[in-house]
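Structural characterization, general
Each chain is listed here by its residues.
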Amino acid sequence: MEIHAKSADRNLLLELSGELDHHGARNALRELEMAVDAALPKKLVLDMSGVTFMDSSGIALILRAQQRIELLDGSLLVCNVPDQARRVLDAAGIGRLVTIR
Amino acid sequence: MKTKAMNEVSLEFPSRSSNESFARSAVACFAAQLDPTLNELEDIKTAVSEAVTNVIVHAYPDAIGTVQLKARICPGNVLELTVKDHGRGIPDVDKARQPMFTTGGEERSGMGFTIMESFMDKLTVRSVMGRGTTVIMKKKLAPRLKKPQ
């Protein structure tokens, strides 16, 4: 699991790649929080296009990102979600809580 | 009564998080002989990942224990998966199965059992406090048309 961060004008783009399971999510959570703390974004985008596998650990990560950005009065967008990860998000009804495109 | 398996495999491994990916890949390799669709294979991998992660996070929170994983192919194109531990057990299984319920802190979403239920056809959870938990999941795979010889 890798996270690549790009930030400009309080927009933060996090590109996730690899397997987002419990093993991978531990470091990913830390990296996400560090990136958010450093950029203090108004808009946070999680680009999931490189995620090859995701289970409910990915839901926890997305919900954490949502909590963090709400504290900053910003918005979260989750985009480019691969099919398998999309089915996990749909099964959990996460689309009601988070903007997914 | 237990259905007679046409083929089966048993695995035992320590509850280290690095084995989550091993477990789902191993089951996917075994299930491949049922000629599953890509979606079915992904559903199976996701369910295995959830069950094994539960053992690692909840059954053995402060120690490394043993995870027992069994995959069986039963008549009617049914894959049966059993994930068993000898950990601390679940105090209230019905509560644990509710969406968003977790004792795992912010790292966990509480959606593990919901996803297992959603991605497999049947989920049975048996747990005895201090003795361990057994999760049994079944999924009937769509029969595939055989190619003409």
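Here the residue index of a chain counts from 1 through its sequence in written order. All chains are assigned letters beginning with A, and all ligands numbers beginning with 1, in the order in which they are written. Side-chain atom pairs in this predicted model are given and counted only at pLDDT of 80 or more, local residue features only at pLDDT of at least 70, and totals for whole chains, interfaces and linings cover all residues.

Description of the overall build of chain A
For the record, the criterion: The numbering of helices and of strands both runs from the N terminus, where a helix is a DSSP run of H or I of at least 4 residues and a strand a run of E of at least 2. Within these notes, the globule rule equals 2.2 Å times the number of residues to the 0.38 power, and the radius of gyration is based on C-alpha atoms. We call two residues in contact when their backbone-placed C-beta atoms lie within 7 Å.
The helix and strand tally for chain A stands at three helices and five strands. Helices and strands in chain A line up, N terminus first, as β-β-α-β-α-β-α-β. Relative to the compact-globule value of 13 Å for 101 residues, chain A shows a C-alpha radius of gyration of 12 Å, a close match. In terms of principal-axis extent, the alpha carbons of chain A reach across some 30 × 25 × 20 Å. The contacts of chain A with a sequence gap of at least 6 include a subset with a gap of at least 24, amounting to 72%.

Concerning the packing of helix 3 (residues 83–92) of chain A against helix 4 (residues 112–119) of chain B
Rules: Interaxial angle, 0 to 180 degrees, is taken between N-to-C directions of lines fitted to C-alpha atoms, where a helix line uses only the stretch in contact. The scheme is simple: roughly parallel for angles under 35 degrees, roughly antiparallel for over 145, roughly perpendicular for 65 to 115, oblique for anything else. Residues were grouped as follows: Ala, Val, Leu, Ile, Met, Phe, Trp, Tyr, Cys and Pro as nonpolar; Asp, Glu, Lys and Arg as charged; and all remaining residues, including Gly, as polar.
Running from amino to carboxyl end, helix 3 of chain A crosses helix 4 of chain B at an angle of 110°, the nearest separation of the two axes being 9 Å. Classed by the angle they form, the pair helix 3 of chain A and helix 4 of chain B counts as roughly perpendicular. Together, Val88, Ala91 and Ala92 of chain A of helix 3 of chain A and Thr114, Ile115, Ser118 and Phe119 of chain B of helix 4 of chain B make up the contact between the two elements. Here the residues of the contact of helix 3 of chain A with helix 4 of chain B sort into five nonpolar, two polar and no charged.

Remarks on the environment of proline 14 of chain B
Its location among the elements puts proline 14 of chain B in strand 1 (residues 7–14). Dropping the residues within four chain positions of it, proline 14 of chain B is found in contact with Asn19, Ile64 and Thr66 of chain B.

Topic: the nonpolar core
Applied cut-off: When buried Ala, Val, Leu, Ile, Met, Phe, Trp, Tyr and Cys residues are joined through C-beta atoms within 7 Å, the set is termed a nonpolar core. Burial in this document is a count-based property: other C-beta atoms within 10 Å of a residue's C-beta are tallied, and the residue is buried at 20 or more, exposed at 12 or fewer, or partly exposed in between, with C-beta positions derived from the backbone.
One finds Leu20 and Ile59 of chain A together with Ala47 of chain B to be the most contacted residues of the largest nonpolar core, which totals 63 residues. A per-element tally of this core places helix 2 (residues 38–59) of chain B first, with 10 residues. Residue contacts for leucine 20 of chain A: discarding those within four places in its chain leaves Met1, Ala25, Ala28, Val51, Phe53, Met54, Ser57, Gly58 and Leu61 of chain A.

Section: the sheet that holds strand 5 (residues 132–140) of chain B
Residue and element names in this part refer to chain B. Heads up, the rule is: Between any two strands, pairing holds if DSSP finds at least two bridges.
With antiparallel pairing, five strands are arranged side by side in an open sheet as 1-2-3-5-4. If you trace the sheet from one side to the other, it starts and ends with strand 1 and strand 4 (122–128), each paired once. Ignoring which end each strand starts from, the neighbouring axes of this sheet average 10° apart. In this structure, strand 4 lies alongside strand 5, joined through seven bridges in antiparallel fashion.

Overview of the sheet that holds strand 2 (residues 11–20) of chain A
Ordered by their spatial adjacency, five strands build an open sheet running 1-2-3-4-5 (chain A), and the pairing between neighbours is mixed. Single-partner strands in this sheet number two, and they are strand 1 (2–8) and strand 5 (99–100) of chain A.

As for the interface of chain A and chain B
Between chain A and chain B, the residue contacts involve 18 residues of the former and 22 residues of the latter. Elements with a contribution of two residues or more to the side of chain A that touches chain B: helix 1 (22–39), helix 2 (56–71) and helix 3 of chain A. Split into classes, the residues belonging to the side of chain A that touches chain B amount to nine nonpolar, four polar and five charged.

Side note on helix 4 of chain B
Burial within helix 4 of chain B is extensive, with six of its eight residues counted as buried. Of the positions making up helix 4 of chain B, those classed as buried are Gly112, Phe113, Thr114, Ile115, Met116 and Phe119 of chain B. Those residues of helix 4 of chain B that are buried lie in contact with helix 2 and helix 3 of chain A together with helix 2, helix 3 (93–96), strand 4 and strand 5 of chain B.

Re the packing of helix 1 (residues 19–31) of chain B against helix 2 of chain B
All names here are of chain B. Operational definition: The hand of a helix crossing depends on one turn: near helix anticlockwise from the far one by less than a right angle means left-handed, and clockwise means right-handed.
Axis separation between helix 1 and helix 2 bottoms out at 8 Å; the angle between their running directions is 145°. The way helix 1 lies across helix 2 gives a crossing that is right-handed. On helix 2, the residues that touch Glu20, Ala23, Arg24, Val27, Ala28 and Ala31 of helix 1 are Leu41, Ile44, Lys45, Val48, Ser49, Val52, Thr53 and Ile56. Classifying every residue of the contact of helix 1 with helix 2 by side-chain character gives nine nonpolar, two polar and three charged.

Focus on the pairing of strand 5 of chain B
Residues and elements named next belong to chain B. Here strand 3 (residues 78–85) runs beside strand 5; their pairing, made up of seven bridges, is antiparallel. Paired with glutamate 80 across the bridge in strand 5 is lysine 138. Hairpin geometry of strand 4 and strand 5 is characterised by an intervening segment of three residues between the two adjacent antiparallel strands and by a positive phi of about 80° at glycine 130.

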